[in-house]
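Read off the chains here:
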Amino acid sequence: MTACFCILSCSEKKEGKVTGTESEFVVRQDSDNAYATDAKGKIKNVGEVDVKQSVVTGYCRS
């Protein structure tokens with residue numbers, strides 16, 4: 001029983017994988033020197049595990 005527990009605990013954990021589809025980006029000017037980028041799209045699950053929650057973030061250098 002202990003050997004079985006050790007073997008199962010060392011197995012590789014499955015990870016969820018997602019990809020972005022139908023993406024649309026819009027750049028708008030807020031003021032004379034300020035711009036904002038709006039993004040809209042869908043996330044598709046392509047992994048072996050179901051993804052229940054996902055957070056999409058972005059980083060843009062000025």
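Just so we're clear, the structure is a prediction, and the values are computed from it rather than from any experiment. (Residues numbered from 1 in each chain as written. Predicted model: local features only at pLDDT ≥ 70, side-chain atom pairs only at ≥ 80, totals over all residues. Heavy atoms only, no water.)

Things to note about the confidence of the model for the protein
No. 1: Scored by pLDDT, the protein comes out at a mean of 79, with 79% of its residues at no less than 70.
No. 2: At the low end of the mean pLDDT range in the protein sits helix α1 (residues 2–9), at 62; at the high end sits strand β1 (residues 18–31), at 87. (pLDDT = per-residue confidence, 0-100. Helix = DSSP H or I, 4+ residues; strand = E, 2+ residues; numbered from the N terminus.)

What to know about unusual backbone geometry
A negative phi angle is the norm for most residues apart from glycine, just as the trans form is the norm for most peptide bonds.
No. 1: Even without being a glycine, E22 presents a positive backbone phi close to 50°.
No. 2: With respect to the helices and strands, the residue E22 is situated in strand β1.
No. 3: Owing to a relative accessible area of 59%, E22 belongs among the exposed residues under this scheme. (Buried < 20%, exposed > 50% of the residue type's maximum accessible area, 1.4 Å probe, protein only.)

Concerning the pairing of strand β2 (residues 34–45)
Look at any regular strand and the pattern is simple: side chains alternate between the two faces of the sheet.
No. 1: Of all 12 residues that make up β2, one are buried, and the element is exposed over most of its length.
No. 2: Here β1 runs beside β2; their pairing, made up of 11 bridges, is antiparallel. Residue pairing in the sheet places R28 in a bridge with A36 of β2.
No. 3: Connecting β1 to the antiparallel partner β2 that follows it, the hairpin turn spans two residues. (Pairing = 2+ DSSP bridges.)

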